[in-house]
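Residues per chain are reported as follows:
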Amino acid sequence: VQLQASGGGLVQAGGSLRLSCAASGSIFSSNVMYWYRQAPGKQRELVAGISSGGTTNYADSVKGRFTISRDNAKSTVYLYLQMNSLKPEDSAVYYCRVITGTRSYWGQGTLVTVSS
């Protein structure tokens, strides 16, 4: 399984970004996909998750501002994170992750920088 994240960049506070993650390979139809982030000097934290059935969950810090979604229609599964009303504290490297069966796979990360 390979995951390729993209969409990061520099944005002003209050702005928006949309992250994408393309997941290809042997992914079971029942799986869960996540976005995590890691700021400098901090531990990696869960931002949001979505099951193959569409059930979502969010960290309290992003509820109401971020939306996770996915497109299962193709052989490559696409995971998205729409980030609105961005704050400087949202600055981090964002990683996508898929858990399929008993295995976990991570993407390479995409940097989001929010300027004040």
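Higher on the page you've got the structure.
What this report covers is the structure whose coordinates are included nearby. (Residues numbered from 1 in each chain as written. Predicted model: local features only at pLDDT ≥ 70, side-chain atom pairs only at ≥ 80, totals over all residues. Heavy atoms only, no water.)

## Observations concerning the state of the cysteines
Here is the rule we go by: Any two cysteine sulfur atoms within 2.5 Å of one another count as a disulfide. The helix and strand labels rest on DSSP assignments: H or I over at least four residues marks a helix, E over at least two residues marks a strand, and numbering proceeds from the N terminus. Residue burial is assigned from relative accessible area. The probe radius is 1.4 Å, only protein chains are included, and a residue is buried under 20% of its type maximum, exposed over 50%, and partly exposed in between.
Inspection of every chain in the model, using the stated rule, returns one disulfide. Linked covalently through their sulfurs, C21 and C96 form a disulfide whose S-S length is 2.1 Å. Taking the sign of the S-S torsion, 65° for the link of C21 and C96, the bridge is right-handed. Taken together, the residues span a long stretch of sequence, with C21 in strand β3 (residues 17-24) and C96 in strand β9 (residues 92-100) at a distance of 75 residues. Neither residue differs from the other here; C21 and C96 are each classed as buried.

## Side note on the nonpolar core
As a reminder of what qualifies: Note on terminology: a nonpolar core comprises buried Ala, Val, Leu, Ile, Met, Phe, Trp, Tyr and Cys residues joined through side-chain atoms within 4.5 Å. Should any heavy atoms of two residues lie within 4.5 Å, those residues are considered in contact.
Of all hydrophobic cores here, the largest spans 28 residues; its most connected members are W35, V47, F66, L79, L81, M83 and Y94. Elements represented by at least two residues in this core include exactly β1 (2-6), β3, β4 (31-38), β5 (45-51), β7 (66-71), β8 (77-83), β9 and β11 (110-115). Once residues lying within four places of it in the same chain are set aside, the contact partners of M83 are G15, S16, L17, L19, R65, F66, Y94 and V112.

## Examining the pairing of β7
The condition is simple: When DSSP locates at least two bridges between a pair of strands, those strands are taken to pair.
Only one face of β7 is covered, namely the face carrying F66, I68 and R70; the face carrying T67, S69 and D71 is uncovered. Bridge count between β7 and β8: six bridges; the pairing is antiparallel. Bridged to F66 within β8 is M83. Two successive antiparallel strands, β7 and β8, enclose a turn made up of five residues.

## Concerning the packing of aromatic side chains
Our working definition: Only centres within 6.5 Å qualify two rings of Phe, Tyr or Trp (six-membered ring in Trp) as a pair; their planes then separate them into stacked at under 30 degrees, edge-to-face at over 60, and tilted for everything else. Both a distance and an angle decide whether a charge sits over a ring: NZ of Lys or CZ of Arg must be within 6 Å of the ring centre and within 35 degrees of the ring normal.
Evaluated as defined, the whole model comprises three aromatic pairs. The interplanar angle of 85° and the centroid separation of 6.5 Å between the aromatic rings of Y95 and W106 together place this pair among those described as edge-to-face. Separated by eleven residues along the polypeptide, Y95 in strand β9 and W106 in strand β10 (residues 103-106) bring together distant segments of the chain. What links up through ring pairs into an aromatic cluster is the set Y34, Y36, Y95 and W106. For R18, the ring lying beneath its charged end belongs to Y80, and the centroid distance is 4.0 Å. In this structure, R44 is placed above the aromatic ring of Y95, and the distance from its NZ or CZ to the ring centre is 3.7 Å.

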